[in-house]
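Secondary and tertiary structure notes
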Amino acid sequence: MSEVCLSQIELAARWKISHRTLERWRWAQEGPRYLKIGGRVVYRVSDVEAFEREVQSFPDELPAES
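Once a new chain begins, its residue numbering starts again from 1 and follows that chain's sequence as written. This being a predicted model, a pLDDT of at least 70 is required before a residue's local features are given, and a value of 80 or more before pairs of side-chain atoms are given or counted; all residues contribute to the totals for chains, interfaces and linings. Here the side-chain values reflect all heavy atoms present in the structure, with hydrogen atoms and water set aside.

- The name that an unreviewed UniProt entry assigns to the chain is Helix-turn-helix domain-containing protein, with the source organism given as Roseivivax lentus.

Right under this line is the structure:
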């Protein structure tokens, strides 16, 4: 079974950001992992979700005291 992928436009819409931001992140080697197949850039949903977990913050949680 093939994995679901998002285009740059679809991912930008998901996060409500400009697709140019994703282009800039790729240039700076930031952001989620992506595949470049021919001239087309796609993002695997599993990579997008992993990136979302990685950057997720929990401001209400305090570090545990030793």
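Right, picking up where we left off after that structure.
Here's the deal with the packing of helix α1 (residues 8–15) against helix α2 (residues 19–27)
- Taken N-terminus to C-terminus, the directions of α1 and α2 make an angle of 110°; their axes are 8 Å apart at the nearest point. Relative to α2, the element α1 is oriented roughly perpendicular. Viewed along their axes, α1 and α2 form a crossing whose handedness is right-handed. Across the interface between the two elements, Q8, I9, L11, A12 and W15 from α1 touch H19, L22, E23, W25 and R26 from α2.
- Partitioning the contact of α1 with α2 into residue classes produces six nonpolar, two polar and two charged. Angles run from 0 to 180 degrees between N-to-C directions of axes, and those axes are lines fitted to C-alpha atoms, restricted for helices to the stretch in contact. Put simply, DSSP H or I for four residues or longer makes a helix, DSSP E for two residues or longer makes a strand, and each gets a number counted from the N terminus. To sort the angles, those under 35 degrees are grouped as roughly parallel, those over 145 as roughly antiparallel, those from 65 to 115 as roughly perpendicular, and the leftovers as oblique. The crossing is said to be left-handed when, going from far helix to near helix, the turn is anticlockwise and less than a right angle, and right-handed when the turn is clockwise. The criterion used for residue contact is that any of the two residues' heavy atoms lie within 4.5 Å. All amino acids are sorted into three groups, where Ala, Val, Leu, Ile, Met, Phe, Trp, Tyr, Cys and Pro are nonpolar, Asp, Glu, Lys and Arg are charged, and the leftover types, Gly among them, are polar.

Here we look at α2
- Here the term buried applies to any residue with accessible area under 20% of the maximum for its type, exposed to any over 50%, and partly exposed to those in between, with areas from a 1.4 Å probe on protein chains only. When we look at burial in α2, the residues that qualify are T21, L22 and R26. Take α2 and look down its axis: the buried residues cluster within an arc of 140°, on one side only. α2 presents R20 and W27 as exposed residues on the side facing more than 90 degrees away from its buried surface.
- Looking at the packing, one finds that the buried side of α2 touches α1 and β3 (40–44).
- For the purposes of these results, a polar contact is taken to be a pair of N or O atoms within 3.5 Å, where, inside protein, one atom must be able to donate a hydrogen and its partner to accept one; residues adjacent in sequence count only when each atom of the pair is a side-chain atom. At the N-terminal boundary of α2, the capping side chain belongs to S18, with an oxygen 3.0 Å from the backbone nitrogen of R20.
- Positive phi appears at Q29, one or two residues downstream of α2, with a value of about 55°. Note that the arc is defined by the directions from the helix axis to the C-beta atoms.

With respect to the packing of α1 against helix α3 (residues 45–55)
- At a minimum axis distance of 12 Å, the contact between α1 and α3 shows a crossing angle of 35°. The interaxial crossing formed by α1 with α3 has right-handed handedness. Residues L11, R14 and W15 of α1 pack against V48, E49, F51 and E52 of α3.

A look at the sheet that holds β3
- Strand pairing is assigned whenever DSSP detects at least two bridges linking the two strands. Spatial strand order, β1-β3-β2: three strands in an open sheet with antiparallel pairing. The sheet terminates laterally at β1 (5–7) and β2 (35–37), the two strands that pair on one side only. Between one strand axis and the next, the sheet turns by 40° as a mean value, whatever way the strands run.
- Two strands pair when backbone bridges link them, and β2 and β3 are joined in this way by three bridges, in the antiparallel orientation. Of the residues in β3, the one forming a bridge with I37 is R40.
- Of the strands in this sheet, β1 and β3 touch α1, which is tilted by about 90° from β1.

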